Amino acid sequence: MRKIHTLQALLLGGSLALAASPQAWAQAGSFPGKPITIVVPFGAGTTTDLAARFVGKHITEITKQPVIVDNKPGASGFIALQHVLRQPADGYTIVIGTNTTHAANLALFKKLPYDPVADFVPITAMIVGGVVLTVAPGAPYHNVQELIAAARKNPGKLTFGSGNSSSRAGGEVLKELAGIDILHVPYKTLPLAVTDVMGGQIDIVFGDAPAVMPHVRAGKLKALGVSTPTRMPGYEDIPTIAEQGVPGYEASGWLAVFAAKGTPNDIADKLNALIVPIMQSQEAAKYFGDNAWKPIPGTRQELAEFQKVEIARWTKLVKAAGIEQQ
């Protein structure tokens, strides 16, 4: 898989058009003159949800306008994105897109009810990060090598759940590089897969740190490895999957802000100028860093270019993994 550094090179260093402070924003014109809605394609408690609420809080502080976070999970993001496209293209409804909704779905589905490129206007990238391989605390394996050995001994018997393309990629890349047969079980949203691992209905889940690490700390899950090429900041006690006998292993995900096609360029530029400084703040670095995610805000064009790269990457990944389109 393409290294995470590629994304950072494309997106770091974006310029700012406006300092995000209440005083500066008051001089920027009438937008926003009413509440903004941030649509989230996944459920409460996911990284996407947390990112929307973080940004929404700060948009309100800067603009003095309320921000509504509207969770519309299900159907790999179809429900949320179709909803956004039915709203006026005026910048007052935006969506937190992900590697699932705006890249992987093109490769995973034969037909989409939306075009992730033509139907949306890029605003800014937000964060990038990896996933954590977790199992139930009573599972008989204590590291990735033991998990791989169990999978080889019982081909097709172990199951891994996914609620987004990052969690799906975690399992598919492991299957490919380790040469094992584990069964994929799709879920509407990641927290449902996490619940079923804890309950013993499935064996493995690759989850974002905010979704799984509270359960690891509570003793309800056991973390075996992380998908990043180096150990995650704040979770240095969890070895990478690559260092546990799977060289070259890496799986990463990202979040970005998009608006519906037809949104005027000046409004899209104002949204970029509003959100980028929020994501560049020390508070954002700490908030997302504590959850093993790295803020990567940038220009609108940088996001558009990166999205093209990611679509190509996911197309290759799906083909190499032998994933059948739905």
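Note that the structure is a prediction, hence the values are computed from the model and not measured. (Residues numbered from 1 in each chain as written. Predicted model: local features only at pLDDT ≥ 70, side-chain atom pairs only at ≥ 80, totals over all residues. Heavy atoms only, no water.)

Along its length, the chain carries 12 helices and 11 strands. For 326 residues, the compact-globule estimate of 2.2 N^0.38 gives 20 Å, and the C-alpha radius of gyration of the chain, at 19 Å, lies within 12% of that figure. Each principal axis of the C-alpha atoms in the chain carries an extent, and together these give about 65 × 40 × 35 Å. With 326 residues in all, the chain has 57% of them scored as buried. (Helix = DSSP H or I, 4+ residues; strand = E, 2+ residues; numbered from the N terminus. Rg over C-alpha atoms; globule rule 2.2 N^0.38 Å. Buried < 20%, exposed > 50% of the residue type's maximum accessible area, 1.4 Å probe, protein only.)

Once that is clear, we can look at the pattern of salt bridges. What the rule picks out here adds up to 10 salt bridges. In this structure, arginine 53 engages aspartate 49 in a salt bridge whose closest nitrogen and oxygen atoms are separated by 2.9 Å. Remark: aspartate 49 and arginine 53 occur in helix H3 (residues 47–63); sequence separation between them is 4 residues, near one turn of the helix. Given a relative accessible area of 41%, arginine 53 falls into the partly exposed group. With relative accessibility at 3%, the residue aspartate 49 sits in the buried group. Residue glutamate 243 is joined to arginine 231 by a salt bridge in which the shortest nitrogen-to-oxygen separation is 2.7 Å. Note that glutamate 243 is positioned in the loop between strand S9 (222–226) and strand S10 (252–260) and arginine 231 in the loop between S9 and S10, a separation of 12 residues in sequence. (Salt bridge = Lys/Arg side-chain N within 4 Å of Asp/Glu carboxyl O.)

Right, let's talk about the sheet that holds strand S8 (residues 204–207) for a bit. Read from one edge to the other, the open sheet built from 5 strands follows the order S7-S6-S8-S5-S9, with strand pairing classed as mixed. The sheet is open, and its two edges are formed by strand S7 (183–186) and S9, each paired on a single side. This sheet shows a mean twist of 30 degrees between the axes of neighbouring strands, independent of strand direction. Taken together, the 2 bridges between strand S6 (residues 159–162) and S8 define a ladder with parallel strand orientation. Among the inter-strand pairings, glycine 161 is bridged to a residue of S8, identified as valine 205. Against the sheet, helix H9 (residues 209–217) touches strand S5 (132–135), S8 and S9, its axis set at about 40 degrees to S5. (Pairing = 2+ DSSP bridges. Axes fitted to C-alpha atoms, helices over the stretch in contact; angles between N-to-C directions. Contact = heavy atoms within 4.5 Å.)

With that settled, consider the pairing of S10. The buried count for S10 comes to 9 of 9 residues, which makes it a mostly enclosed element. By the alternation rule, side chains of S10 split into Ser252, Trp254, Ala256, Phe258 and Ala260 and Gly253, Leu255, Val257 and Ala259, which are all buried. As paired strands, strand S3 (residues 93–98) and S10 are joined by 5 bridges and run antiparallel to one another. Among the inter-strand pairings, isoleucine 94 is bridged to a residue of S10, identified as alanine 259. Summarising the sheet, strand S4 (residues 120–130) and S10 pair through 9 bridges and their orientation is antiparallel. Bridge pairing in S10 links isoleucine 127 to leucine 255.

Moving on: the sheet that holds S3. Read across the sheet, 6 strands follow the order S2-S1-S3-S10-S4-S11 without closing on themselves; strand pairing throughout is mixed. The sheet is open, and its two edges are formed by strand S2 (67–71) and strand S11 (293–295), each paired on a single side. Sheet twist, expressed as the average angle between the axes of neighbouring strands with direction ignored, equals 25 degrees. The sheet strands contacting H3 are strand S1 (36–40), S2, S3, S4, S10 and S11, and the helix crosses S2 at an angle near 170 degrees. Relative to S4, helix H10 (residues 265–280) is tilted by about 15 degrees, and along the sheet it contacts S3, S4, S10 and S11.

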